[in-house]
Amino acid sequence: MTRHVVVIGAGPAGLAAATAAVRAGARVTLIDAADQAGGQYHRMPTDTYEAKRPFRIRESERCDWWPGAAVWSLERRDSGTPRVHVVRGSDADGDQRRRYVLRPDALVLAPGAHDRVLPFPGWELPGVVTAGAAQALAKGERVAVGGRALVAGTGPFLLPVAASLLDVGAHVIEVLEASTTGAVLRGWTHRPWELAGQAGKAAELAAYAARLARGHVPYRTGRAVIEARGDGRIEEAVTARLRADWSVVPGSERTSAVDALCVTHGFTARLELPVAAGCAVLGGFVMVDGDQATSVPGVYAAGEVTGIAGAPAARAEGVVAGWVAGGGSPERLRAIRRRRDEGRAFAVRLATAHPIGRRWTEWLRPDTIVCRCEETDYGTLRQAAHAQATPLREGARAPGLDARAVRLGTRAGLGPCQARICGPALAELLDTNPHHRPVAWPIRLGELANPPEKEQTT
Amino acid sequence: MTRSRRAYEAVPMTRITVDGEPLTGRAGQTIAGILIAAGHRPWRRAPSGAPRGVFCGIGVCFDCLVTVDGVRDVRACLRRARDGDVVTTQSRAEDTAEETP
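Per chain, residues are indexed from 1 in the order of the written sequence. Working convention: letters from A go to chains and numbers from 1 go to ligands, in the order in which they are written. A pLDDT threshold of at least 70 governs which residues receive local features in this predicted model, and a stricter bar of 80 or more applies before side-chain atom pairs are shown or counted, although totals over entire chains, interfaces and linings include all residues. Think of the side-chain values as coming from all heavy atoms in the structure, minus any hydrogens and water.

As annotated in an unreviewed UniProt entry, chain B carries the name (2Fe-2S)-binding protein and comes from Actinoallomurus oryzae.

Looking up chain A in an unreviewed UniProt entry gives the name FAD/NAD(P)-binding oxidoreductase, with the organism given as Actinoallomurus oryzae.

**Student:** Explain the interface of chain B and chain A to me, and be specific about the residues and the numbers.
**Tutor:** What makes two residues a contact is simply this: any of their non-hydrogen atoms within 4.5 Å. Each partner contributes to the interface: chain B provides 44 residues, whereas chain A provides 50 residues. When two components associate, each loses some accessible surface as probed by a 1.4 Å sphere; the sum of these losses over both components is called the buried area. Carbon and sulfur atoms make up 52% of the area that chain B and chain A hide from each other, which totals about 3800 Å². Considering only the surface of chain B that becomes buried against chain A, Arg41, Phe55 and Ile58 of chain B emerge as the three largest contributors, covering 20% of it. Salt bridge, as used here: a side-chain nitrogen of Lys or Arg that lies within 4 Å of a carboxyl oxygen of Asp or Glu. At the boundary of chain B and chain A, one finds six salt bridges. Among the salt bridges present, the one from Arg52 of chain B reaches Glu375 of chain A, with a minimum N-O distance of 3.9 Å.

**Student:** Outline the sheet that holds strand β11 (residues 171–177) of chain A, supporting the account with residue identities and numerical values.
**Tutor:** Residue and element names in this part refer to chain A. Strands qualify as paired when DSSP identifies two bridges or more between them. Secondary structure follows DSSP: runs of H or I at least 4 residues long count as helices, runs of E at least 2 residues long count as strands, and numbering of each begins at the N terminus. Judged by pairing direction, the sheet is parallel, and its five strands sit side by side in the order β9-β16-β10-β11-β12 without closing on themselves. Taken across any chain shown, the strands that pair with only one partner, and hence form the sheet edges, are β9 (128–130) and β12 (219–221). On average, adjacent strands in this sheet sit at an angle of 20° to one another, irrespective of strand direction. Sheet analysis places strand β10 (residues 148–154) next to strand β16 (residues 260–265), joined by six bridges and oriented parallel. Within the sheet, the bridge partner assigned to Thr154 lies in β16 and is His265. Only the stretch in contact is used when a helix axis is fitted, and all axes are lines through C-alpha atoms; the angle between N-to-C directions ranges over 0 to 180 degrees. Against the sheet, helix α3 (residues 131–141) touches β9 and β16, its axis set at about 80° to β9.

**Student:** Tell me about the packing of aromatic side chains, and please be specific about residues and values.
**Tutor:** A pair of Phe, Tyr and Trp rings is counted when the ring centres sit within 6.5 Å of each other, with Trp represented by its six-membered ring. The angle between the planes then sorts it: under 30 degrees is stacked, over 60 is edge-to-face, the rest tilted. This model, assessed by the stated rule, comprises four aromatic pairs over all chains. Ring plane angle 85° and centroid distance 5.7 Å describe the contact between Trp123 of chain A and Phe55 of chain B, whose orientation is recorded as edge-to-face. Residue Trp123 of chain A is located in the loop between β8 (113–115) and β9, and its partner Phe55 of chain B is located in the loop between β4 (51–52) and β5 (65–68); the two belong to separate chains. Each of the two residues, Trp123 of chain A as well as Phe55 of chain B, counts as buried. A ring pair is formed by Phe157 of chain A and Phe267 of chain A, whose centres lie 5.2 Å apart and whose planes are at 55°; its orientation type is tilted. Taken together, the residues span a long stretch of sequence, with Phe157 of chain A in the loop between β10 and α4 (158–167) and Phe267 of chain A in strand β17 (residues 267–269) at a distance of 110 residues. Accessible area is worked out with a 1.4 Å probe on protein chains only. A residue is then buried under 20% of its type maximum, exposed over 50%, and partly exposed in between. By relative accessible area, which is 19% here, Phe157 of chain A ends up buried.

**Student:** I'd like a rundown of the packing of helix α1 (residues 12–23) of chain A against helix α8 (residues 311–325) of chain A, residues and numbers included.
**Tutor:** Residues and elements named next belong to chain A. Taken N-terminus to C-terminus, the directions of α1 and α8 make an angle of 30°; their axes are 7 Å apart at the nearest point. Considering the angle they form, α1 stands roughly parallel to α8. Crossing of α1 against α8: the hand is right-handed. Together, Pro12, Ala13, Ala16, Ala17, Ala20, Ala21 and Arg23 of α1 and Ala311, Ala314, Arg315, Gly318, Val319, Gly322 and Trp323 of α8 make up the contact between the two elements. Taken together, the residues that form the contact of α1 with α8 break down as ten nonpolar, two polar and two charged. Between 65 and 115 degrees an angle is taken as roughly perpendicular, under 35 as roughly parallel, over 145 as roughly antiparallel, and anywhere else as oblique. Crossings are sorted by hand: turned counterclockwise from the far helix by less than a right angle, the near helix makes the crossing left-handed, and turned clockwise it makes it right-handed. For this classification, Asp, Glu, Lys and Arg are treated as charged, while Ala, Val, Leu, Ile, Met, Phe, Trp, Tyr, Cys and Pro are nonpolar and the rest, including Gly, are polar.

**Student:** Which residues make up the nonpolar core, and what values do they have?
**Tutor:** Each nonpolar core is a collection of buried residues, namely Ala, Val, Leu, Ile, Met, Phe, Trp, Tyr and Cys, held together in the definition by side-chain atoms within 4.5 Å. Residues Phe120, Val128, Leu261 and Trp363 of chain A are the most contacted members of the largest nonpolar core, which totals 52 residues. Elements supplying a minimum of two residues to this core: β10, β11, β13 (223–229), β14 (236–241), β16, β21 (369–371), α10 (378–388) and α12 (423–430) of chain A. In this structure Val128 of chain A touches Phe120, Gly122, Trp123, Ala228, Ile234, Leu261 and Val263 of chain A together with Val54 and Phe55 of chain B, once residues within four positions along its chain are discounted. Residues Val143 of chain A together with Ile31, Cys64 and Ala81 of chain B belong to the second largest nonpolar core, which totals 48 residues.

**Student:** Tell me about the packing of α8 of chain A against helix α9 (residues 334–353) of chain A, residues and numbers included.
**Tutor:** Residue and element names in this part refer to chain A. Between α8 and α9, the least distance of the axes is 8 Å, while the angle of their chain directions is 140°. As the angle between them shows, α8 and α9 are arranged oblique. Seen along the crossing, α8 lies across α9 with a hand that is left-handed. Note on element contacts: α9 touches α8 through Ile336, Arg337, Arg339, Arg340, Gly343 and Arg344, opposite Ala313, Ala316, Glu317, Val319 and Val320. For the contact of α8 with α9, the class distribution of residues is five nonpolar, one polar and five charged.

Structure, rendered in structure tokens:
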């Protein structure tokens, strides 16, 4: 019988996995929450998408394309691949979605990542957005998130975001990279031979840098936004020079008038589905072996969820994951594995060049909001953590912080986003695992009450 | 004017109302995109009453939730506007007892 592979996520990794699984002889269901394939990387306006058909999913007896489909749960079983619970409908978050349950032979998880943003005073003000939001609005809708924008944070993603803003007519006053020049240069120039396989990526970044130069946008390192101010929306950004550990150099503060502040401090892997499936996670990413297999039999992972390395590496991982999940022989993958390994080395390089300095917490003030949903501030969190961690007797090691008690007491991480945004910061402040959620994505109770649609096949 | 820009001007219009205010966008735009292009930044209120709008832009943060044709908790950054959509804004300050998921 033909193997059935479900691929979740239709970005660069998922598209490559679906194609490879079909080539290996499997039947594929490719699922994405968006109504276009391509993910965040290939986002484009609907009219362009329809005119170009850039990712024609070869819908055939062998590949079913499910756009607008949310996977709300992966059901673990004692033996065999987890079952996939899906709601599908033409409108995002609509109330007319239908339920489906898929029982695949193998599962490829390629959910990608989203911006990580460290909290700072005023980051909840309207007009402060993630770099990804500015990018999505510019690339997907030709909308500028503001007329006078500041792009700040860390990582190479700052460059394409600033370029996209220029393309839609925004004035970008400057791009601030928090890492110091030394750290950036050390990260990017050590072991230069490893960069050979990433020439495409380097050329892409060079093109963005040239776009900034043409637009006369200054790019400064060792400087960060440490506060946003405004009455009801952002009006000013306070920036400051940082040391290598991201502590603020006193007296270096400067205020800039802006109506948009676009921030990113790297990426958070979307771990809700891998964690729901039971996959082992290390350092915020899914652990995979040479075949992209996770710790759960039948479940593979590819793309940013295994490490942030960009689209070429994600595609290479997708090919390996899809081919093996589809029943292909792993021996035939030597060349693509080499490309995948170059991509992994690139991920390590990025992490080295753009580390998060451990003293970023010094930007926080007692009234700085950490959990945006529940508006839990840093002072409240610290107080709750301190109350939990009081040593039992003199000289004893402080007992493990009861992070659950802190969360229940302060409601931090328990709001609508379920700690997707503040989770990494909470984890650092409270030493907890932010990714466990019983329901991966919200589902309406009415939809849950309906019986699932009858499966067409298997 | 670039060719792609000219082609874009030919894309059909979408008309919606947000709290009664008529707004116009291009077909395929999200509700959040139409609101931002019209100059709106906040349109939702946090439990304290503080104003909120788009933050993540890709459906992760739930800060941009709106009600569309009576259905609550729709992520404005994901939902493509349809001609005639009646959008109303939401506040968590009014009814903190009624929790979103």
